[in-house]
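Overview (structure and organization)
If you want the building blocks of each chain, they are given just below.
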Amino acid sequence: MSKLSLSEPKDTPIEQATLANKARKIPLPSGNTRVPLRQAKSTCQLTYTPPRRKPKSLQKTPSAIVPFLTKSSQLKAWEHDTRLQELETFADTFFSKISQVGQNSDVMKDAINLYKSRVEELEKNRDEIMANNCTLRIEMESMKNKLSTAEEALKIAETEHEIATDEHEQRLRIETDAVREEGQTQLQNLISQHQNEIEDLRRRHERELDNERSTYQREISQVTSQSALDTQKVHLEVANRDRQIEALQRDLRTARDDIEAEKLKNRELRRNLDTSSSNTLTLESSVRALKARIEFLESGSQEQSQAFERLQKQLEDALAETNEAKEKLRKEEMLRRKLHNQVQELKGNIRVFCRVRPTLNFEPESDIAQIAFPDGGEDCKEIAVMGPEERSSLGTVSRKQNAFSFDRVFGPGNQNADVFEEISQLVQSALDGYNVCIFCYGQTGSGKTHTMSSADGMIPRAVHQIYDTAKSLEEKGWTYTMEGNFVEVYNENLNDLLGKADDLDKKKHEIRHDMQRCKTTITDVNTVTLDSPEMVETILKRAAANRSVAATKANERSSRSHSVFILRLMGHNKITGERCEGTLNLVDLAGSERLSHSGATGDRLKETQNINRSLSCLGDVIGALGTGKEGGHIPYRNSKLTYLLQFSLGGNSKTLMFVMVSPLQAHLGETLTSLKFATKVHNTHIGTAKRVSKIQN
C-alpha cells in the first residue's frame, strides 16, 4: 500500500474551522455523491501512514509568532473562492487515488487466494512424498538385512568348497600315481613285444625281398626281349611314315606345279591384256586417221561420197572391234582377279611368315643362339631352334631341338625386298576389294618396326605398288581414291598419330562398326588423302615423332604401343559402273616380353601388362576363329586392338602374320614362346574371304 503525502497550506486554527464549515455546505458536482470532508479525512487515515517523526530535542525551541493581517503587514488577503476551488481539486485527486488503491487491493486479494490454493497442493504433494520416502526407507532396511544374510551364507559356501577341492586334489594325485605306475609297466611289456614282432617282420620281409628280386630279374629279361620286338616294329613304322612323307612331298610338288601353272596362265593373261591394250591403241589411231580422211573426202563428189561410205563402214567395223577388244580386256581382268583370289585361297586365308633378324655389330658371336634352316634355299619353310640346357634328375645335361614349320621362313640374309615380294599379292587383293591385314609379332628388338615402317619397309613398298597398279588400271576404266589413318593402341586407349602431340592420351576416340557394310570407323581422327607416295613418307615421319616410345631393360628404343596403319582403297570403273572397296591394315605390334625379362617398373610395368593382355586377347580371337563353330562367340571386345581389327581378322579377310625372331641366346625363351604362338596361328583355318563390290546402274 503506497503512502499518501498531502501538502496542505499552513493556516491558523480559526481559518481551518471556517473552511471545514464551508466544505460541509458545498454540494458535489452532478453525477457523483461526495463524501463529507471529515469522513474523507477518516477514510484517508485508514490508508495513510504518516512519516516517522524525529524525536524532539531536549531543548525547547521558541514558539513562532503568528502574523496577523493588518494594514502594515505584507500578508495577502485570503480569497475564498480561489481557496475553495483548490480544495475541490485536491479532493478530486484524493478520491481518484483512493479508488485506484481499492482496485489494486482486489487484484492482490485474487493473487493471494491463488497462492493459497497452490500452497495447499504443494503441501499435499509433500505429504505424499514423505509417505513414499518412509516406505522406501523401510524396504531399504529389509534389503540390507537380506544382503547381510546372503553374504554370511556365501562365506560358508566358499569355506565348504575349498575343503571339497582339497580333498578332490588329494584323491587325483593318488589315482595319477597309480595310473603312471601301471602305464610304465604296460609300456615295458609293449616295447618288448614290439621288438619281437619287428624281428619277425624283418626276417619275413627279407625272404619276400629275395623272392621279388628273382621275379624282377625274370621280368627284366622278358621286357628286354619285348623291347627288341618293339624296336623292330618302330623301324617298320618309321619306314611306313617315310613312304607317307614321300607321298605327301609328291602331292606337294604336284600342288606347286599346279600353282606354277596358274602363275603361267596369269602371266599369259597379262601378256594378252598388254597385247589387247596395244591393239586398242592401234585401233584408236586408225579411227582418228579415218575421221581425218572422212573430213577430207566430205567436200568431194559422188566418188568421195562412195569412198566416205566405205570409210564409214570401216570406221564402224573398227569401233566394233575396239569395243569387242575392251570387253575382252575387262573379262580377262575379271578372270585375272578370280584366278588371283583362287591362288591366294590355295595358299590359305591366314598365313604365317617367320623372319630371323641378322646380328648387329655390337652383339658378340658367343651370345648367338643355335638356329638352323633344314630346308634352306629360296623357298625355305622350316626353322629349328636348339633349346636351353636341361639337367635331368640323374645329372645328365641335354638340349632339345625345337622344329617349326611355316608358310615361309626368311633367314638373316633376306632383305625387305625379298619379304615384300611374298606379300605383294596380298596388296593386290586389297586393290581387288578384299580386307587384308598384315601384322608383325615378336619380342622387343626383333625387327618389327624395321620390317614395317623403315624407308624400304612394308608400308612404303605397299603404297608404291598400289599407286603403280592403280595407274596401270586407269586405261581399263578404273580410278582409285586412297585414304589413310595412323593410330596407336597405348594402355588400351586409342591415339591419333597424325594429330597434335598435345592431344595424345587426352582426346577420346571411339571405334564404330557398320555390320552391314563390314566397315570400321574411328571418331575424331585425321584422315589423309594419299595423292602421291611422297605423302606416305610425310605421315610416317609425323607418326614416328608422336609414337609412344620408352626405355626398358630389353631395348633402349622399345616401342610400347601397337601402331595400326589403315589404308582404304575405293575403286570405280567408269565403263562398267562397278565399285569396290578394300582395306589394308599394316600393324606393328608392341614388344611381347615377360615381366621378369623386361625389368619394367612403375608406368613401364603397367604398359607391359596391357601389352601382354592385348596380345593374349589376340591369341584368344585367333583360337576362337580356328574352332570354326557357326554362331560361336569371338571375344573381339576383350581388347581395343582386336575390336579395331574385327573385320580384318574374321572370315571376310586375308590375314598374314610375321613372327619376328631375335638371334640372341638371351632371348631364347621369348623366341620359343613367339614361335609356339605362331604355330597356333598357322594351324588356324578361317572362312573364305569375300570381295566388297557392287554394280552401279
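Residues numbered from 1 in each chain as written. Predicted model: local features only at pLDDT ≥ 70, side-chain atom pairs only at ≥ 80, totals over all residues. Heavy atoms only, no water.

Named according to an unreviewed UniProt entry, the protein chain is Kinesin-like protein originating from Talaromyces amestolkiae. If you open the UniProt record of the protein chain and go to Subcellular location (unreviewed entry), you find "Cytoplasm, Cytoskeleton". (UniProt positions renumbered as here; feature names shortened; annotations may be inferred.)

This part covers the overall build of the protein chain. A count of helical and extended segments in the protein chain gives 13 helices and 17 strands. For the protein chain, with 697 residues in total, the buried portion stands at 32%. Long-range contacts, defined as pairs at least 24 residues apart, comprise 73% of the intrachain contacts of the protein chain with a sequence gap of at least 6. (Helix = DSSP H or I, 4+ residues; strand = E, 2+ residues; numbered from the N terminus. Buried < 20%, exposed > 50% of the residue type's maximum accessible area, 1.4 Å probe, protein only. Contact = heavy atoms within 4.5 Å.)

Right, let's get into the pairing of strand 16 (residues 654–661). Taken across its eight residues, strand 16 has eight buried, putting it largely inside the fold. The alternating pattern of strand 16 places Lys-654, Leu-656, Phe-658 and Met-660 on one face and Thr-655, Met-657, Val-659 and Val-661 on the opposite face, and all of these are buried. In this sheet, strand 16 lies alongside strand 1 (residues 350–356) in parallel orientation, the contact comprising seven bridges. Note that in strand 16 the partner of Val-352 across the bridge is Met-657. Of the pairings in the sheet, the one linking strand 6 (residues 435–442) to strand 16 comprises seven bridges and is parallel in character. In the strand pairing of strand 16, Ile-438 is matched with Leu-656. (Pairing = 2+ DSSP bridges.)

Moving on, we get to the pattern of salt bridges. Evaluated as defined, the whole model comprises 13 salt bridges. Between Asp-127 and Arg-126 there is a salt bridge, and its shortest N-O distance comes to 3.9 Å. Among the residues examined, Arg-126 registers a relative accessible area of 51% and is labelled exposed. Glu-363 serves as the salt-bridge partner of Arg-357, at 3.0 Å between the closest nitrogen and oxygen. (Salt bridge = Lys/Arg side-chain N within 4 Å of Asp/Glu carboxyl O.)

Residues Glu-158, Glu-162, Asp-166, Glu-167 and Glu-169 make up a contiguous surface patch of negative charge. Taking the relative accessible area as the measure of exposure, Asp-166 reaches 48% and is therefore partly exposed. (Patch = residues over 30% accessible without salt bridge, like charges linked within 9 Å, V, L, I, M, F, W, Y side chains within 5 Å. Areas by Shrake-Rupley, 256 points an atom, 1.4 Å probe, with all protein chains shown as cover. Lys, Arg positive; Asp, Glu negative; His and termini not counted. Charge placed at Lys NZ, Arg CZ, Asp CG, Glu CD.)

Phe-406, Phe-439 and Met-657 are the most contacted members of the largest nonpolar core, which has 46 residues in total. Ignoring any residue separated from it by four or fewer positions in sequence, one finds Phe-406 in contact with Val-352, Cys-354, Lys-381, Ile-383, Leu-675, Ala-678, Thr-679 and His-682. By size, the runner-up hydrophobic cluster in this structure holds 42 residues, among which are Val-463, Leu-473, Trp-478 and Phe-565. (Core = buried A, V, L, I, M, F, W, Y, C linked by side-chain atoms within 4.5 Å.)

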